[in-house]
Amino acid sequence: MAKRSIIIDTDPGIDDAAAMAVAFRHPDLDIKLITTVGANVTVDKTTANALKLVEFFDVDIPVAMGCPGPLIKPHQPSSFIHGESGMDGYDFPPVTRKPIDLHAVEAMRKVLMESDEKITLIPIGSQTNIAILFHMYPEVKEKIDEIICMGGSTIGGNVNSSAEFNYFCDPHAAAMVLKSGVPITMMGLNVTNRACATKKTEAMLKQGGRIQDMLYGIMDFYKGGTFEEGIRLHDVCPICYMIHPEFFTMDQRFLEVVLEGPAAGTTVMQPNMFQTDDREPKVNYAMDVDSEAFEDWFIAEISKPE
Ligand code: BDR
Ligand code: CA
């Protein structure tokens, strides 16, 4: 099977790190570029964390630093979830690698325009870089087969009663991407809250190993759940969906994002009965996930020998 070419746009972030731990080693994925954004923590920290991960896994993937924060809203990081560094809980060895000498937006444009085949974009942070990319270089849209993102929610929020963090962080960017015309598959809290690492994962990680020790350290620190109740592996969902779409129940829905006021970043979904065919954007939205299949798959991926 031909590998799927992808670009990961990320703000590591502990669940971002778990997503990359799987993606870096997956034989079906060819990661052309990692771009960073200021969201969970500042962009200098998310970039340092992305570099820690490519060095830890010894993969040859360029990292390009992106936007420092949202388009319009003030940046409100979530270091209370991921720690001051954005990836607390494990002492990564000193990093020798550096980001490439191109801004994330320019780096994405270059990779996309020079590619012979279409590429899948995987945003697992707020979508500021992607919004600017589409605004500056709309011609790149032709080179993207699909965006598979983690973001949004139609079942209540995780930063307040209605908004999910990635959409809350930069709602204007999320709205621009939603309206871009590029096909979008969206993994919101409807599924990511139930894509968890439980005691089963903890038992596997505690068996030890370099990768297991690192993931145990950061996941044990992570404030996005406990092994007892389930650690929410939000950002692993788009990676899992590429490999096992059958784990997810999808529906085509019309979605919008609230831009201003106390509910900014909230995803609003039209019920299908009110949807007319001419309403865009229609999103391939994840409604349900097989939690057990997801966790068993995650455990199998992480257990692969180095
Ligand atoms: C999203 O917010 C971030 O804190 C996580 O990394 C994930 O991308 C979940 O709402
Ligand atoms: Ca993230």
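Structure's up top.
Residues numbered from 1 in each chain as written. Chains lettered and ligands numbered in written order. Predicted model: local features only at pLDDT ≥ 70, side-chain atom pairs only at ≥ 80, totals over all residues. Heavy atoms only, no water.

**Q** Explain the nonpolar core here, please?
**A** The nonpolar side chains of soluble globular proteins are, as a tendency, buried together. Counting 63 residues, the largest nonpolar core has Phe24, Leu215, Met219 and Trp297 as its most contacted members. In terms of residue count, the dominant contributor to this core is helix H1 (residues 14–23) (eight residues). In contact with Leu215, not counting residues within four places along its chain, are Ala18, Ala21, Leu205, Asp220 and Ile302. Counting 33 residues, the second largest nonpolar core, distinct from the first, contains Ala104, Val105, Leu121 and Phe134. (Core = buried A, V, L, I, M, F, W, Y, C linked by side-chain atoms within 4.5 Å. Buried < 20%, exposed > 50% of the residue type's maximum accessible area, 1.4 Å probe, protein only. Helix = DSSP H or I, 4+ residues; strand = E, 2+ residues; numbered from the N terminus. Contact = heavy atoms within 4.5 Å.)

**Q** What is the right way to read a nonpolar patch on the surface from this model?
**A** Among the surface-exposed residues, Leu71, Ile72 and Met176 lie close enough to one another that they form a single nonpolar patch of about 260 Å² accessible area. Examined against the element boundaries, Ile72 turns out to sit in the loop between strand S3 (63–64) and helix H3 (79–82). (Patch = residues over 30% accessible without salt bridge, like charges linked within 9 Å, V, L, I, M, F, W, Y side chains within 5 Å. Areas by Shrake-Rupley, 256 points an atom, 1.4 Å probe, with all protein chains shown as cover. Salt bridge = Lys/Arg side-chain N within 4 Å of Asp/Glu carboxyl O.)

**Q** Would you mind going over the pattern of salt bridges with me for this structure?
**A** Note on pairing: side chains with opposite charge can pair once their charged atoms come close. Within the structure shown, the criterion is met by 17 salt bridges. Between Glu146 and Arg4 there is a salt bridge whose closest N-O contact spans 3.1 Å. You can see Glu146 sitting in strand S5 (residues 144–150) and its partner Arg4 sitting in strand S1 (residues 4–10), a full 142 residues away along the chain. The exposure class assigned to Glu146 is buried, which follows from its relative accessible area of 16%. In this structure Arg4 comes out as partly exposed when scored by relative accessible area, which is 24%. Residue Arg210 is joined to Glu306 by a salt bridge in which the shortest nitrogen-to-oxygen separation is 3.0 Å. Taken together, the residues span a long stretch of sequence, with Arg210 in helix H10 (residues 210–221) and Glu306 in the segment after helix H12 (291–303) at a distance of 96 residues. Overall, Arg210 belongs to the partly exposed group, its relative accessible area being 38%. A relative accessible area of 64% means that Glu306 is categorised as exposed. Here the salt bridges do not stand alone but share partners, grouping Lys199, Glu202, Lys206 and Glu228 into one network.

**Q** Any chance you could explain the pairing of strand S4 (residues 119–123) here in plain terms?
**A** Sheet faces and side chains relate simply in a regular strand, where the side chains alternate between the two faces. Burial within S4 is extensive, with five of its five residues counted as buried. Burial of the side chains of S4 extends over both faces: Ile119, Leu121 and Pro123 are buried on one face and Thr120 and Ile122 on the other. For S4 and S5, the ladder comprises three bridges, and the chain directions are parallel. Paired with Ile119 across the strands is Ile144, a residue of S5. (Pairing = 2+ DSSP bridges.)

**Q** Quick question: what am I supposed to make of the side chain of Thr10 here?
**A** The topology assignment puts Thr10 in strand S1. In terms of polar contacts, Thr10 uses its side chain to reach the side chain of Asp16, at 2.9 Å. The residues contacting Thr10, other than those within four sequence positions of it, are Asp16, Met20, Ile34, Thr35, Thr36, Val37, Ile124 and Gly125. (Polar contact = N/O pair within 3.5 Å; in protein donor to acceptor, adjacent residues only side chain to side chain.)

**Q** Hey, could you run me through helix H7 (residues 171–178) in this one?
**A** Burial within H7 is extensive, with seven of its eight residues counted as buried. Taken together, the buried positions of H7 are Pro171, His172, Ala173, Ala174, Ala175, Val177 and Leu178.

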